[in-house]
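Here is what each chain is made of, one letter per residue.
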Amino acid sequence: STPNARRPSGSGQGGPSRTHSPESLLDIAARRVAEKWPFQRVEERFERIPEPVQRRIVYWSFPRSEREICMYSSFNTGAEESAATAAEGSDETRLPFRRGIALLESGCVDNVLQVGFHLSGTVTEPATPSEPEVVCSVAISFDRCKITSVTCGCGNKDIFYCAHVVALSLYRVRRPEQVKLHLPISETLFQMNRDQLQKFVQYLITVHHTEVLPTAQKLADEILSQNSEINQVHGAPDPTAGASVDDENCWHLDEEQVQEQVKLFLSQGGYHGSGKQLNLLFSKVREMLKMRDSNGARMLTLITEQFMADPRLALWRQQGTTMTDKYRQLWDELGALWMCIVLNPHCKAEQKAAWLRQLKKWNGVDVCPWEDGNHGNELPNLTNALPQGAHGNQGESECTRPHRTVFTRAIEACDLHWQDSHLQHIISDDLYTNYCYHDNTENSLFDSRGWPLWHEHVPTACARVDALRSHGYPREALRLAIAIVNTLRRQQQKQLELFRNHKKDLLHKGMTSITNLEGWVGHPLDPIGTLFSTLMETGRSDEENLHLFPSARRFLEEGESYLALAVETALMGLGQQRIMPDGLYAQEKVCRNEEHLIAKLQEVELDDSLIKIFRKQAVFLLEGGPYSGLGEIIYRESVPMHTFAKYLFTSLLPHDAELAYKIALRAMRLPVLESTAPSGDMSRPHHIVSVVPNRYPRWFTLSHIESQQCELASTMLTAAKGDARKLETVLESIQKNIHSSSHIFKLAQDAFKIATLMDSLPDITLLKVSLELGLQVMRMTLSTLNWRRREMVRWLVTCATEVGVYALDSIMQSWFTLFTPTEATSIVATTVMSNSTIVRLHLDCHQQENLANSARTLALQCAMKDPQNCALSALTLCEKDHIAFETAYQIVLDAATTGMSYTQLFTIARYMEHRGYPMRAYKLATLAMAHLNLSYNQDTHPAINDVLWACALSHSLGKNELAAIIPLVVKSVKCATVLSDILRRCTLTTPGMVALHSRRNSGKLMSLDKAPLRQLLDATIGAYINTTHSRLTHISPRHYSEFIEFLSKARETFLMAHDGHIQFTQFIDNLKQIYKGKKKLMMLVRERFG
């Protein structure tokens, strides 16, 4: 048979070709031998192999499938790769595989020669505007349909084969008949006589004499020496002769490059997309496992070694800091991949033993990351697939048990085997049933229908499914997945029956300590995710897969699909009652995993058959008692169901609203925040963490959980619009279960928005719900500090306005339970009295007056309770009602002597003057002065303006008022510059004349020699003297000139007295005597004042 007559087994051309004549027996046999036998074994087996047989073995020994070549020259295989790269928007033509095809198709491959198990050729890189044309020499060795080594003149440094190696390989795969094929060179030499051999060697040396001559001479010397090592060995090596028996048969992988690249990605610490690159490497490992390529484990070993050598591990352990989330997820993937590798159903015992040694070595390193982040998990070995696990920790006490690391599960999985006959039957036989089997116990091998069940710790059983999928056994994975899901369904049914029998006792206790220590959602092995994707992959391509999985459907219910089974599995997993794990990382993982599963479910379009499953599972969830996260009673620290319930609610609402509300209302609870929640019964097994009695146990994701609870409530409020009974139920649930004021406020705002949508009339019931929630927020935040409080109060008034006048009246009647006095007057009453509110409410005069009366009553009550902050608002609000205004004024007077500061009194005094009550303003100003105290150096005090205003007011009212206020000023103000300013102003005009704007100032000025101005003048002079002495105590030379100016001002005031000149001279002489030590300063004083 000629090469053209062969069937293109897996060649890259694809598509059905024209009919072929049958293959010859020689070709069939040669192909089988070429795939499985090292050539040395063939040679040893037969003394002389005929040349045509040798040729066909050599011919068939080159890989025939492009898939592996693609795998070793790009990040993903074939179609996946182009989709993934297109999605990333990267230039897929840059991938070596794509570029290799382009080079091949544009005729760049030349001089292709196959000598035995060695392929060589040249590949020309065409010139570009910036680069000249380059010709690369490529050499490829192969054995048993695998490329075992590559070299290329381009000097490529990468994990992947370069485009030139791809081009040459594909040339040989696609055009084998165009490749000149020779037997291994040793065979050719064997056919030569002595003369021909001599000629051959001499020509070879002549062509390459510069490179070969030294080597040739050395070999000649050794061959001619009797005792040389070369003469002790029979025969001679031949690089073209294929593999020896001892050679490992695996594809060429550049180990050094794998290590270098991983090291580089790790050193970039998540920048420059290094996390994505590492994930792509992990995908490459999975891809290799799927192709059952031994390099998968080899590559993962190299990656793990680099991860373990990451210097940041020691640093983080030292500093006690946590690693980043993305980096943590990479470690998780590493652990999961090792689990897959050790669970390879066809790996040899010695191979598994070698991996176990390696894993234990890494596990023993003290910086090895723990399974659940930085928090040591105190649970026992939960893989417990084998009762006497060689690595089980059950015997150790809790304190000595080492932390579970990312490798612990893989180490435990080394104990698992696939020899169980029941397991073997399940995975290898679609028809494995036992209809006569009637053992209905917990661990029976078949269910009542005779379908096989598989009882094993669920995450472990699912890890088996993942391993089967990963190692390229999709049928087997599917069969086991179906058996596991059928087991879970049966278990769910049994638990429901069990709970119904014991329901009374449990409900009577009102609590439960039954919970799963190990939840399936958020579990390091992601069991539900594994089952879901295994079933979904089959379900998505159900039509194509009918030939692949014809009778696995035997174990599906009538009319049930793989898709339906996948959905049901996800619902069972998400609804499982499980304890919140320890540590921030594990808790975040629970949220992340749950959201990821729900996102996958949301991609599924729900038809009638799926809704039926939703209904069935919803009933299980509601009635499953302590086995369900939505059962009537749950363990206090169980993972909340808000996110899941929101998904169930929205999915079920159009089909069964009653059931949807039942689920959502049941899920609203958050017992961990109930201070009265029972702390559980203490007769639990010793390894369950006992409930911490404080209000917030070790829940790091609590704020996220509370926001999810709030989202669920908001979704219900939106759905219940227009249904008063439902709204009332939802409101009760919110008030009972939500404990955070900011979340209740958000719900109040949500309800308000939904109730007042522009396109319809306001929904009054929903508005009332909104108001009710708003009132609850007011009560909750009344005595606590909350930075959003003002916003909340304003919003509440807006909401009450929308509800109607009676709502506004009601909040003002009970203001003291909702607002502080300041809020009640400055925000509530002021808004109620504003024009915009009156217009919005369309009130008549009578209604307006009633509302205003309520507001004034509130204002007076607030002024009584907190005069300092509310008196002014109360006066403003009561302006239009004489009696109320007088009452408010009286409240201010009563409070003035005890509870109010001079600032508040001055403000109200100015308000009174502005309203046209100067005498009242004067009265309040005198009360304010009594509280004031300005010392000598407070010449920039904010109250100075108020003092000047008070004196101006008194001056304008007349001599008597001025006379009455001056003693108060003298008593309160000790600052010389302020006093001199007041004095100057009082002497410029006649008291009582300022107010009479129309007349000329014809009155008599007041004398400085008589009271009250004499008293003010003396006080001012006294203040200047005291201030001077005070300033001289601590004066520095840079303040001298400023001090001289101060003395000049003092002189002006002294000179206002009739004997001021003498007084000032005496004062200066006194200074010169006392401070004669300050020579320079006294010299300046003499220069200016004599």
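What counts, and at which threshold
- Here the residue numbers are simple positions, counted from 1 along each chain's written sequence.
- The model is predicted, so local features are restricted to residues of pLDDT at least 70 and side-chain atom pairs to those at 80 or more, both for listing and for counting; the totals for chains, interfaces and linings are taken over all residues.
- Remark: hydrogens and water are excluded; side-chain values derive from all non-hydrogen atoms of the structure.
- Strands are runs of DSSP state E lasting at least 2 residues, helices are runs of H or I lasting at least 4, and numbering of each runs from the N terminus.
- Accessible area is worked out with a 1.4 Å probe on protein chains only. A residue is then buried under 20% of its type maximum, exposed over 50%, and partly exposed in between.
- Every residue pair with non-hydrogen atoms within 4.5 Å of one another is taken to be in contact.
- The accessible surface values rely on the Shrake-Rupley method and a 1.4 Å probe; as for residues, cover is taken only from the protein chains in view.
- Paired strands are those between which DSSP finds at least two bridges.
- Fitting a line to C-alpha atoms yields each axis, with helices limited to the stretch in contact; the angle taken between N-to-C directions then spans 0 to 180 degrees.
- Note on terminology: pairs of cysteine sulfur atoms within 2.5 Å are recorded as disulfides.
- Taken from the helix axis, the directions to the C-beta atoms give the arc we talk about.
- Working definition: roughly parallel below 35 degrees, roughly antiparallel above 145 degrees, roughly perpendicular at 65 to 115 degrees, and oblique for all remaining angles.
- Less than a right angle of anticlockwise turn of the near helix away from the far helix marks a crossing as left-handed, whereas a clockwise turn marks it as right-handed.
- Ten residues, namely Ala, Val, Leu, Ile, Met, Phe, Trp, Tyr, Cys and Pro, are considered nonpolar, four, namely Asp, Glu, Lys and Arg, are considered charged, and the remaining ones, Gly among them, are considered polar.
- Two N or O atoms count as a polar contact when they lie within 3.5 Å, although within protein this holds only if one can serve as hydrogen donor and the other as acceptor, and sequence-adjacent residues are included solely when both atoms are side-chain atoms.
- Any helix carries an expected span of 1.5 Å times its number of residues minus one.
- Only buried residues count toward a nonpolar core. Its members are Ala, Val, Leu, Ile, Met, Phe, Trp, Tyr and Cys residues joined through side-chain atoms within 4.5 Å.
- Here, a salt bridge means any side-chain nitrogen of Lys or Arg that lies within 4 Å of a carboxyl oxygen of Asp or Glu.
- A pair of aromatic rings is counted whenever rings of Phe, Tyr or Trp (Trp by its six-membered ring) have centres within 6.5 Å, and the orientation is called stacked for planes under 30 degrees apart, edge-to-face for over 60 and tilted otherwise.
- Note that patches include only residues with greater than 30% relative accessible area and no salt bridge, and the join distances are 9 Å for like charges and 5 Å for nonpolar side chains (Val, Leu, Ile, Met, Phe, Trp, Tyr).
- Confidence scores labelled pLDDT are given residue by residue by the predictor and lie between 0 and 100.

### Quick look at the overall build of the chain
Working step 1: The helix and strand inventory of the chain stands at 49 helices and five strands.
Working step 2: Taking all 1090 residues of the chain together, the buried fraction comes to 51%.
Working step 3: Of the contacts made within the chain by residues no fewer than 6 positions apart, 72% connect residues no fewer than 24 positions apart.
Working step 4: Here the chain displays about 53300 Å² of accessible surface, and carbon together with sulfur accounts for 54% of that area.

### Points about unusual backbone geometry
Working step 1: Look at Asn 111: it is not a glycine, yet its phi comes out positive at around 50 degrees.
Working step 2: Structurally, the position occupied by Asn 111 is in strand β1 (residues 109–115).
Working step 3: When its relative accessible area of 54% is taken as the criterion, Asn 111 is described as exposed.

### Concerning the pairing of β1
Working step 1: Examined bridge by bridge, β1 and strand β2 (residues 118–125) share five bridges and lie antiparallel to one another. Bridging from a neighbouring strand, Asp 110 pairs with Thr 122 of β2.
Working step 2: As consecutive antiparallel partners, β1 and β2 are separated by two residues, and within that stretch Gly 116 has a phi angle of approximately 55 degrees, a positive value.
Working step 3: Of the pairings in the sheet, the one linking β1 to strand β5 (residues 180–182) comprises three bridges and is parallel in character. Across the sheet, Gln 114 pairs through a bridge with Leu 181, a residue of β5.

### Remarks on the sheet that holds β5
Working step 1: Strand order in the open sheet formed by five strands is β4-β3-β2-β1-β5, and the pairing between neighbours is mixed. The outermost strands of the open sheet, each flanked by one partner alone, are β4 (146–152) and β5. The mean inter-strand angle of the sheet, taken between neighbouring strand axes irrespective of direction, is 20 degrees.
Working step 2: One ladder, built from eight bridges, connects β2 with strand β3 (residues 134–143); its direction is antiparallel. Residue pairing for β3: Val 123 is matched across the bridge by Cys 136.
Working step 3: Sitting on the sheet, helix α3 (residues 51–60) touches β1, β3 and β5, and the angle it makes with β5 is about 120 degrees.

### As for the state of the cysteines
Formally, a disulfide is one covalent bond, and it connects the sulfur atom of one cysteine to the sulfur atom of another.
Working step 1: One pass over the full model with this rule turns up zero disulfides.
Working step 2: Unpaired in this structure, Cys 136 has its nearest cysteine sulfur neighbour in Cys 152, at a distance of 4.5 Å.
Working step 3: By relative accessible area, which is 2% here, Cys 136 ends up buried.

### Regarding helix α34 (residues 805–813)
Working step 1: Among all positions in α34, only Ala 807, Leu 808, Ile 811 and Met 812 are buried. For α34, the angular spread of buried residues about the axis comes to 135 degrees, placing them on one side.
Working step 2: Contact partners of the buried residues in α34: α32 (764–781), α33 (789–803), α35 (815–818), α36 (821–832), α37 (835–841) and α38 (845–865).

### With respect to the packing of α36 against α38
Working step 1: Relative orientation of the contacting elements α36 and α38 amounts to 165 degrees, with a least axis distance of 9 Å. Considered as vectors, α36 and α38 are oriented roughly antiparallel to each other. Between α36 and α38 the crossing geometry is left-handed. Here Pro 821, Ala 824, Thr 825, Ala 829 and Val 832 of α36 lie close against α38, whose contacting residues are Leu 851, Ala 855, Leu 858, Ala 859, Cys 862 and Lys 865.
Working step 2: Class assignment of the residues belonging to the contact of α36 with α38 gives a composition of nine nonpolar, one polar and one charged.

### Looking at the environment of Arg 194
Working step 1: Of note, Arg 194 is situated in helix α9 (residues 194–207).
Working step 2: For Arg 194, a relative accessible area of 58% translates into the label exposed.
Working step 3: Within the structure, the side chain of Arg 194 is placed 2.7 Å from the side chain of Gln 198, a separation counted as a polar contact.

### Considering helix α47 (residues 1040–1054)
Working step 1: For α47, spanning 15 residues, the distance from its first C-alpha to its last is 21 Å, which sits close to the expected 21 Å at 1.5 Å a residue.
Working step 2: Along α47, the residues classified as buried are Tyr 1040, Phe 1043, Ile 1044, Phe 1046, Leu 1047, Ser 1048, Ala 1050, Thr 1053 and Phe 1054.
Working step 3: Looking at the buried side of α47, the elements it contacts are α45 (976–988), α46 (1013–1033), α48 (1060–1074) and α49 (1079–1089).

### Some remarks on the nonpolar core
Working step 1: Core analysis: the biggest nonpolar cluster contains 298 residues, and Ile 303, Phe 307, Trp 331, Phe 407, Phe 819 and Leu 924 have the highest contact counts within it.
Working step 2: Top element by residues in this core is helix α16 (residues 325–342). It accounts for 10 residues.
Working step 3: Met 580, Val 639, Leu 670 and Leu 702 belong to the second largest nonpolar core, which has nine residues in total.

### Examining the pattern of salt bridges
Working step 1: Here the structure, examined in full by the defined rule, presents 41 salt bridges.
Working step 2: The shortest N-O distance in the salt bridge between Glu 66 and Arg 174 comes to 2.7 Å. A residue pair is termed long-range when its members are at least 10 positions apart, and Glu 66 in helix α4 (residues 66–71) and Arg 174 in helix α7 (residues 163–174) qualify at 108 residues.
Working step 3: For Glu 66, a relative accessible area of 9% corresponds to the buried category.

### What about the packing of aromatic side chains?
Working step 1: What the rule picks out here adds up to 21 aromatic pairs.
Working step 2: Each ring, one from Trp 331 and one from Phe 407, has its centre 6.4 Å from the other, and the planes form 75 degrees; the classification is edge-to-face. Linking Trp 331 in helix α16 with Phe 407 in the loop between α17 (349–363) and α18 (408–413), this pair joins segments that are 76 residues apart in sequence.
Working step 3: Of the residues examined, Trp 331 reaches a relative accessible area of 0% and is grouped as buried.
Working step 4: With relative accessibility at 0%, the residue Phe 407 sits in the buried group.
Working step 5: Relative to Trp 362, the ring of Trp 338 has its centre 5.5 Å away and its plane inclined at 55 degrees; by these criteria the two rings are tilted.

### Considerations on the environment of Cys 152
Working step 1: Tracing the chain through its elements places Cys 152 in strand β4.
Working step 2: Sequence-wise, Cys 152 and Thr 122 are 30 residues apart; in three dimensions their C-alpha atoms are separated by 9.2 Å.
Working step 3: Sequence-distant contacts of Cys 152, that is, excluding residues within four places in its chain, are made with Cys 136, Ser 137, Val 138, Cys 162, His 164 and Val 165.

### Thoughts on the pairing of β4
Working step 1: In this structure, β3 lies alongside β4, joined through six bridges in antiparallel fashion. Pairing of Phe 142 across the sheet is with Ile 147, part of β4.
Working step 2: What sits between β3 and β4 in their antiparallel hairpin is a turn of two residues, with Arg 144 showing a positive phi close to 50 degrees.

### Quick word on the packing of helix α24 (residues 562–574) against helix α26 (residues 608–623)
Working step 1: Close contact between α24 and α26 brings their axes to 10 Å; oriented N to C, the two are set at 25 degrees. In terms of orientation, α24 lies roughly parallel with respect to α26. Crossing of α24 against α26: the hand is right-handed. The residues of α26 that touch α24, namely those facing Leu 563, Ala 564, Val 567, Glu 568, Leu 571 and Met 572, are Leu 610, Ile 613, Phe 614, Lys 616 and Gln 617.
Working step 2: Here the contact of α24 with α26 is built from residues that sort into eight nonpolar, one polar and two charged.

### Focus: a nonpolar patch on the surface
Working step 1: Nonpolar side chains collect at one region of the surface, where Ile 185, Phe 200, Val 201 and Leu 204 lie side by side and expose about 290 Å² of accessible area between them.
Working step 2: Sort the elements by how many residues they give to the nonpolar patch and α9 lands first, with three residues.
Working step 3: Considering the arrangement of structural elements, one finds Leu 204 in helix α9.

### Digging into the environment of Met 580
Working step 1: Its place among the elements puts Met 580 in the loop between α24 and α25 (584–602).
Working step 2: Those residues in contact with Met 580 that sit more than four places away from it in its chain are Gln 587, Glu 637, Ser 638, Val 639, Pro 640, Arg 698, Trp 699, Thr 701 and Ile 705.

### Here we look at the confidence of the model for the chain
Working step 1: Looking at the chain, the pLDDT average stands at 82 and 86% of residues meet or exceed 70.
Working step 2: Element-level mean pLDDT values for the chain span from 38 in helix α5 (residues 78–88) up to 96 in helix α27 (residues 642–652).
Working step 3: This stretch, residues 375–400, has a pLDDT under 50; its non-local contacts, to residues over four places away or in other chains, come to 51 contacts.
Working step 4: Low pLDDT, under 50, characterises residues 994–1002; the stretch is placed with nine contacts to residues that sit more than four places away or in other chains.

### Some remarks on the side chain of Glu 823
Working step 1: Within the secondary structure layout, Glu 823 lies in helix α36.
Working step 2: Reaching out from Glu 823, the side chain makes a polar contact with the side chain of Arg 789 at a distance of 2.7 Å.
Working step 3: Within polar-contact distance, the side chain of Glu 823 engages the backbone nitrogen of Thr 820 at 3.0 Å.
Working step 4: Sequence-distant contacts of Glu 823, that is, excluding residues within four places in its chain, are made with Arg 789, Val 793, Leu 818 and Val 828.

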